[in-house]
Amino acid sequence: MILSDFLVLNDTGLYCAVGDFYLDPQQPVLRAVLSHAHGDHAVRNNSSVYCTAATARIMELRYKKNAAEQFWIHPFNQSFELGGVKITFIPAGHILGSAQVLMEYRDVRYLYTGDYKLQADATCEPIEFAEADVLITETTFADPLVQHPDPVTEIQKLNSNVHNVLLGAYSLGKAQRLISLISQHCPERKILVHFGILPINLIYEQFGFKPGKYEPYNRKLMKQPGMGYVYIVPPMTFDSYFRAKNVMRAFASGWKQLQRHNDFELLISDHVDWNDILQMIRMVKPQEIWTIHGDGRHLKKHFEDQIPIKILNRC
Ligand SMILES: [Zn+2]
Ligand SMILES: [Zn+2]
């Protein structure tokens, strides 16, 4: 029997009372099971953190001594017990080390997706599908109007000219995916990387996911116009360069509103769009769907009378 209160969302985050742990808590807790290392899922100063090796490594880079009191590292597809709940990490295809969290309790399977994507990405473990009775899914882009274009077609926009490009991207995950896409599909382009992104690239390399060919940023190179450089920078740096001359500006994101004011659109997302969420649901075959992050109302309407949908968050 599905327990309707197996997971409840409180001010600290998504709490599993039977196992006494939180999933991706927003404030430090005693026992945190973390899906991946993005800051909105992995906060510093938890006591015990249960996660994949790459997630722990990235948190140590970013949070240093405050990363956690203790990490309990678990490889993908190897179950462990936490407070009577059997837990298994399954690749989520979102960024390096990102995991779906499968929780089994009294013969019922609850699958928390964390962030995930189905699109190909050479810089992280590809998503794997597991069946579950309850699917707890993120709904960041769960809107029939959101359909991400093909990332290869998007990145090939860089082949239409040789202007230097200032390319904004999140440092963890998106930057490495862009290096990989440009290396594969834009052979004339040369990639420069902001110094803040370099240590994350190093971790990707250590885990066997070499993003591609790039050089650390060099001011002199970027000053030469029309040399075909693509300079990848984190969002803060991107915003501070709004007056940069002789470069075209683009920001790689699934959010349309982040594309405004830029010289061209680059709609590349590490989240599922509407069709990919539906595909995920076909693969997981859940009896119930619970939604979190974003707006679950479109899904609720779409599956009316077919699959009960519970919206956990206030959207
Ligand atoms: Zn994320
Ligand atoms: Zn997220």
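I will try to describe carefully the structure that is included in this document. Here the structure is a predicted model, which means the values were calculated and not measured.

1. Describing the coordination of the zinc ion (ligand 1)
Piece 1. Protein-derived ligands of the zinc ion (ligand 1) are H36 (NE2), H38 (ND1), H94 (NE2) and D115 (OD), with the metal-ligand distances lying across 2.2 to 2.3 Å.
Piece 2. Coordination at the zinc ion (ligand 1) is irregular, judged from the four donor atoms that bind it and the angles of 91 to 165 degrees they form at the metal.
Piece 3. All donors to the zinc ion (ligand 1) come from one chain, and their sequence spacing reads H-x1-H-x55-H-x20-D.
Piece 4. The metal-metal distance between the zinc ion (ligand 1) and the zinc ion (ligand 2) is 3.6 Å, with D115 coordinating both.
Piece 5. By relative accessible area, which is 15% here, H38 ends up buried.

2. Quick notes on the coordination of the zinc ion (ligand 2)
Piece 1. In this structure, H41 (NE2) and D115 (OD) serve as the protein donors to the zinc ion (ligand 2), at separations of 2.1 to 2.2 Å.
Piece 2. Given the relative accessible area of 1%, H41 is considered buried.
Piece 3. Taking the relative accessible area as the measure of exposure, D115 reaches 4% and is therefore buried.

3. Regarding the environment of E138
Piece 1. Mapped onto the elements, E138 comes out in strand β11 (residues 134-139).
Piece 2. When the C-alpha positions of E138 and V272 are compared, they lie 8.9 Å apart, and in sequence the two are 134 residues distant.
Piece 3. Excluding its chain neighbours within four sequence positions, the residues that come into contact with E138 are T113, G114, D115, Y116, H271, V272, I277, I292 and H293.
Piece 4. A polar contact of 3.2 Å, which involves the side chain of E138, links it to the backbone nitrogen of Y116.

Conventions we followed
- Residues numbered from 1 in each chain as written.
- Chains lettered and ligands numbered in written order.
- Predicted model: local features only at pLDDT ≥ 70, side-chain atom pairs only at ≥ 80, totals over all residues.
- Heavy atoms only, no water.
- Donors = N, O, S within 2.8 Å, 3.2 Å for Na, K, Ca; no water.
- Tetrahedral: all angles 85-135°; square planar, octahedral: opposite > 155°, others 65-115°.
- Buried < 20%, exposed > 50% of the residue type's maximum accessible area, 1.4 Å probe, protein only.
- Helix = DSSP H or I, 4+ residues; strand = E, 2+ residues; numbered from the N terminus.
- Contact = heavy atoms within 4.5 Å.
- Polar contact = N/O pair within 3.5 Å; in protein donor to acceptor, adjacent residues only side chain to side chain.

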